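The residues making up each chain are set out below.
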Amino acid sequence: MNSCLIKNAVIVSEKSEAPDSYIFISNGQIENIGSVHDGGFANAKESADEIFDAEGLYASAGFIDSHCHGARGADFSDADLHGLIKMCEQKVSEGVTTFLPTTLTLSSSDLKKILATAREYAALPENEKFCRVTSVHLEGPFINPKMLGAQNPAFVRKCDASEIEQLREIFPVGKITFAPEIDESGGNFVEAMVKSGVTPSAGHTAATYEEFKFQYDKGLRCITHFCNQVSPLHHRQIGVMGAGLLHDDVYIELIADRIHVSDMMLKLIFAKKDLSHIVLITDAMRASGMPDGAYTLGGLDVKVENGAARLASNGALAGSVLRINDAVRNVRNVAGITLPQAVACASSNVAASLGLKDAGTLEVGGRADIAIFDSDVKIKRTYVGGILKFKA
């Protein structure tokens, strides 16, 4: 069941009264999904070690945040294991089961230290981990210096596939944000990324439509934080924004905090874009889950006020403090779509954009990565590989 919502789910329960449907978890996998009125339910109840009666709640595949820099005072670029653990603990409270911690535009030596931290986290015993971290997202350093946003210009450089290969020897890279127009390899960079299983994504870019299309023909199929730090739509040059709307098979990231993208733009995007290619992200920085105040991002001073993170120097948006379950609720409420459609934007769509085969779906035989939430998308429980990692 691809990103299907199950109303009144039971996650293995001892209760005598059961709702209409259940999910049976066994050995970290989904062993059965069905109605309480079929024969499998009685067997599931008898075999269950633990019961959760989710009457009135929804169950879906666990959410995937493929673009997030930090949370709870920590930033992935700190290269600190304990900080990454805190970030992952926050993520499961958002219903996230698969997480791509995201770097910034930094030196090669710093990036190596950061990826080594991800490797440390992946090697921890299961009881010391929260969500899954199987790869990372590199946002930069191959970006356009004219489209920095909150990135540090000191470390911007030209596309170099060999640098990515060196990083992949330390820990898998699932996604890389780059500016198509600064690539001097004739498209070889994108081809190398696609061949190695890395999803290339256009971002922090001033590319013309023609420059985007050149890389599209080489395999580019994703745009980073659509509308933000990408070339805008114009009636004589449609730019990267136009490319994202024109090509149905291009995945677009959206920061649906109602700050980075206005409500009317969200409505327009969801009205015109193929829904299966919209990907919700947080692009959260270390202030996510923290009070307003002074923070840093990539060594730059950031002020967070009324839920908006901005560079202290020029007021430019500097990531967000968004939680992915809040993004799901926002697009459901603002864009006029159904809850299952909104959930897909944070689960199955993300998995498809990254080529993940073991995430984003609820299906028998699949990993038991499950988020349980109410009609307001407030997370009640998160299971990662069948293990309860969060409960409200």
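What counts as what
- Residues numbered from 1 in each chain as written.
- Predicted model: local features only at pLDDT ≥ 70, side-chain atom pairs only at ≥ 80, totals over all residues.
- Heavy atoms only, no water.
- Salt bridge = Lys/Arg side-chain N within 4 Å of Asp/Glu carboxyl O.
- Helix = DSSP H or I, 4+ residues; strand = E, 2+ residues; numbered from the N terminus.
- Buried < 20%, exposed > 50% of the residue type's maximum accessible area, 1.4 Å probe, protein only.
- Phe/Tyr/Trp six-rings, centres within 6.5 Å; stacked < 30°, edge-to-face > 60°.
- pLDDT = per-residue confidence, 0-100.
- Contact = heavy atoms within 4.5 Å.
- Pairing = 2+ DSSP bridges.
- Axes fitted to C-alpha atoms, helices over the stretch in contact; angles between N-to-C directions.
- Core = buried A, V, L, I, M, F, W, Y, C linked by side-chain atoms within 4.5 Å.
- Arc of directions from axis to C-beta.

When their charged atoms lie close together, side chains carrying opposite charge are able to pair. One pass over the full model with this rule turns up 21 salt bridges. Across the salt bridge formed by E126 and K389, the nearest N and O atoms sit 3.7 Å from each other. Placement of the pair is E126 in the loop between α3 (108-122) and β11 (136-139) and K389 in strand β22 (residues 387-391), with a sequence separation of 263 residues. Exposure remark for E126: the relative accessible area of 38% places this residue in the partly exposed category. In this structure K389 comes out as buried when scored by relative accessible area, which is 14%. Measuring nitrogen to oxygen at the nearest pair gives 2.6 Å for the salt bridge that ties R258 to D263. For D263, a relative accessible area of 24% gives the class partly exposed.

Applying the stated criterion across every chain, the model contains five aromatic pairs. Residues F142 and F189 carry aromatic rings whose centres are separated by 5.6 Å and whose planes lie at 90° to one another, so their mutual orientation is edge-to-face. With a gap of 47 residues between them, F142 in the loop between β11 and α4 (161-168) and F189 in helix α5 (residues 188-196) connect regions that are remote in the sequence. F142 gets classed as buried once you look at its relative accessible area, which sits at 0%.

This paragraph deals with the confidence of the model for the protein chain. The pLDDT averaged across the protein chain works out to 92; a share of 95% of its residues lies at or above 70. Below a pLDDT of 50 lies the segment residues 12-18, which in the model reaches 22 contacts outside its immediate sequence neighbourhood of four places, other chains included.

Here the focus is the sheet that holds strand β18 (residues 300-305). One open sheet accounts for three strands, arranged β17-β18-β19; its pairing is antiparallel. Only two strands of the sheet have a single neighbouring strand rather than two, namely β17 (293-297) and β19 (308-311). Averaged over neighbouring strand pairs, the angle between their axes works out to 35° when direction is ignored. With five bridges joining them, β17 and β18 adopt antiparallel strand pairing. Bridge pairing in β18 places Y295 opposite V302.

Glancing now at the side chain of T105. Residue placement: T105 occurs in the loop between β10 (96-101) and α3. Those residues in contact with T105 that lie beyond four places of it in its chain are E139, G140, P141, I143, Q151, N152, F155 and V156.

To continue, consider the pairing of strand β20 (residues 370-373). Residues I370 and I372 of β20 are buried on one face, and the alternating residues A371 and F373, pointing to the opposite face, are buried as well. The sheet contact formed by strand β6 (residues 58-61) and β20 spans four bridges and is antiparallel. Bridge assignment links Y58 to a residue of β20, and that residue is F373. As paired elements, β20 and strand β21 (residues 379-384) share four bridges and run antiparallel to each other. Looking across to β21, one finds that F373 is bridged to I379.

The subject of this paragraph is unusual backbone geometry. For the bond running from G140 to P141, omega is 15°, close enough to zero to count as cis. Within the element layout of this structure, P141 appears in the loop between β11 and α4. Residues other than glycine seldom take positive phi values, yet R258 does so here, at roughly 70°. Phi at V377 takes a positive value of approximately 60°, unusual for a residue other than glycine. On the secondary structure map, V377 appears in the loop between β20 and β21.

Moving on to the nonpolar core. Of all hydrophobic cores here, the largest spans 105 residues; its most connected members are F63 and L280. Here L280 is in contact with I64, L254, A256, I324, A327, V328, V331, A342, C345, A346 and V350, once residues within four sequence places are set aside. Counting residues in each nonpolar core, the second largest holds 14 residues, with I23, I30, A59 and A368 among its members.

Buried within α5 are the following residues: F189, V190 and M193. An end-on view of α5 places all buried positions within 95° of arc, on one side of the element. Close packing links the buried residues of α5 with α4, β12 (173-178), β13 (199-202) and α6 (209-216). One or two steps after α5, the chain reaches G197, where phi turns positive at roughly 85°.

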